[in-house]
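# Commentary on secondary and tertiary structure
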Amino acid sequence: MQKKIADRHALALAQEAARVAAEHRAKLEKELFVRAVGSVTPISDGCRVLLNPEQPPPVALHRQRDEQAALREALSDEFDASTLLDTDEHLSFRRPGIGLEVTRKLRKGEWRIQRDIDLHGLRTDAAREALAAFIREACQQGLRCVRVVHGKGLGSPGKTPVLKSRVHSWLVQKNEVLAFVQARPAQDGAGALVVLLKPSSAAKV
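Quick look at the structure, then.

### Looking at the pattern of salt bridges
In the structure shown here, the tally under the stated rule is 7 salt bridges. Of the charged contacts, one joins Asp-125 and Arg-128 as a salt bridge, the two residues approaching to 3.1 Å between their closest N and O atoms. Highlighted residues: Asp-125 and Arg-128, both in helix H4 (residues 124-140), separated by 3 residues, approximately one helical turn. Given the relative accessible area of 6%, Arg-128 is considered buried. Taking the shortest distance from any N to any O, the salt bridge between Asp-188 and Arg-147 comes out at 3.5 Å. Of this pair, Asp-188 sits in the loop between strand S4 (177-182) and strand S5 (192-197) while Arg-147 sits in strand S3 (residues 145-149), and the two are 41 residues apart along the sequence.

### What to know about the sheet that holds strand S2 (residues 115-118)
Across the sheet, which stays open at both edges, the 5 strands sit in the order S1-S4-S5-S3-S2 with mixed pairing between neighbours. Taken across any chain shown, the strands that pair with only one partner, and hence form the sheet edges, are strand S1 (93-94) and S2. Pairing analysis gives 5 bridges linking S3 to S5, with the strands arranged antiparallel. Following the sheet pairing, Val-146 is matched in S5 by Val-195.

### Considering the nonpolar core
In this structure, Leu-119, Leu-131, Val-148, Val-167, Leu-171, Phe-180 and Val-195 are the most contacted members of the largest nonpolar core, which totals 21 residues. For this core, the elements supplying multiple residues, two or more each, are H4, S3, helix H5 (164-173), S4 and S5. Considering every element that reaches this core, the biggest residue donor is H4, with 5 residues. Look past the residues within four positions of Leu-131 in its chain and what remains in contact with it is Ile-117, Leu-119, Val-148, Val-167, Trp-170 and Leu-171.

### Notes on the pairing of S3
In summary, the side chains of a regular strand alternate between the two faces of the sheet. In terms of residue burial, S3 counts as a mostly covered element, since 5 of its 5 residues are buried. In this sheet, S3 lies alongside S2 in parallel orientation, the contact comprising 4 bridges. Across the sheet, residue Arg-115 finds its bridge partner in S3, namely Val-146. Read as a crossover between parallel neighbours, the route from S2 over H4 to S3 is right-handed.

### Notes on the packing of H4 against H5
At a minimum axis distance of 11 Å, the contact between H4 and H5 shows a crossing angle of 35°. Crossing hand, H4 versus H5: right-handed. Contact with H4, carried on its side by Thr-124, Ala-127, Arg-128, Leu-131 and Ile-135, involves Arg-166, Val-167, Trp-170 and Leu-171 of H5 and no other residues of that element. A per-class count over the contact of H4 with H5 returns 6 nonpolar, 1 polar and 2 charged.

### Some words on helix H3 (residues 100-108)
Turning to H3, its buried residues are Val-102, Thr-103 and Leu-106. Along the long axis of H3, the arc covered by the buried residues comes to 90°, so they all point the same way. Those residues of H3 that are buried lie in contact with S1, S3, S4 and S5. Immediately downstream of H3, the backbone of Gly-109 shows phi near 80°, a positive value.

### Describing the pairing of S5
Among the 6 residues of S5, 6 are classified as buried, and the element is accordingly described as predominantly covered. Pairing geometry for S4 and S5, over 5 bridges, is antiparallel. Opposite Val-177, over in S5, you have Leu-197 as the bridge partner.

Thresholds, definitions, all that
- Residues numbered from 1 in each chain as written.
- Predicted model: local features only at pLDDT ≥ 70, side-chain atom pairs only at ≥ 80, totals over all residues.
- Heavy atoms only, no water.
- Salt bridge = Lys/Arg side-chain N within 4 Å of Asp/Glu carboxyl O.
- Helix = DSSP H or I, 4+ residues; strand = E, 2+ residues; numbered from the N terminus.
- Buried < 20%, exposed > 50% of the residue type's maximum accessible area, 1.4 Å probe, protein only.
- Pairing = 2+ DSSP bridges.
- Core = buried A, V, L, I, M, F, W, Y, C linked by side-chain atoms within 4.5 Å.
- Contact = heavy atoms within 4.5 Å.
- Right-handed = clockwise from strand over helix to strand, strands pointing away.
- Axes fitted to C-alpha atoms, helices over the stretch in contact; angles between N-to-C directions.
- Left-handed = near helix turned anticlockwise from the far one by under 90°.
- Nonpolar A, V, L, I, M, F, W, Y, C, P; charged D, E, K, R; others polar.
- Arc of directions from axis to C-beta.

What follows is the structure in structure tokens.
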């Protein structure tokens with residue numbers, strides 16, 4: 001019994017000695033740091049700046065500019081689509097391998113229009129970019145039949161449709177476009193086109 005008491009006492013003395021040694025070592029290290037750094041003045045709370053932990057997400061300006069440049073380059077205003085249009089009453093278009101039956105069905109309204117875009121009133125550059133983005137998004141969503149309103153030119157100088165021929169040219173340049181015809185009178189007639197897009201699957205028209 002006396003031996004156990006003696007052992008506990010010896011352990012307590014050893015622990016106390018270790019604590020004192022650790023405190024002494026910490027004091028020496030602190031004094032050494034103070035001598036190395038010199039006297040310092042703590043920063044007052046009023047001079048501190050609190051940073052907002054939630055920063056707004058970065059805007060990918062370079063990516064936006066690259067995408068806009070790609071859209072502009074994809075559709076050229078110098079492209080002459082007149083030789084590729086069918087010389088029917090309304091100058092329809094169908095890509096090689098697409099039969100006359102396709103444009104006939106488009107003209108009769110047998111394809112349901114799933115979405116449309118109104119370009120009239122836009123400047124050429126804005127209309128070009130809007131149309132390219134519209135066709136791209138329509139294809140990504142698996143749409144097949146859309147309507148593109150280019151206007152009849154009633155408000156333009158000379159009462160001529162400024163965008164009509166350009167829209168023809170832009171659509172012909174888009175590989176996603178299989179065919180287009182002038183819209184029916186109830187769908188803006190000469191001021192719009194009904195456009196057939198490639199299927200998203202391997203299904204044939």
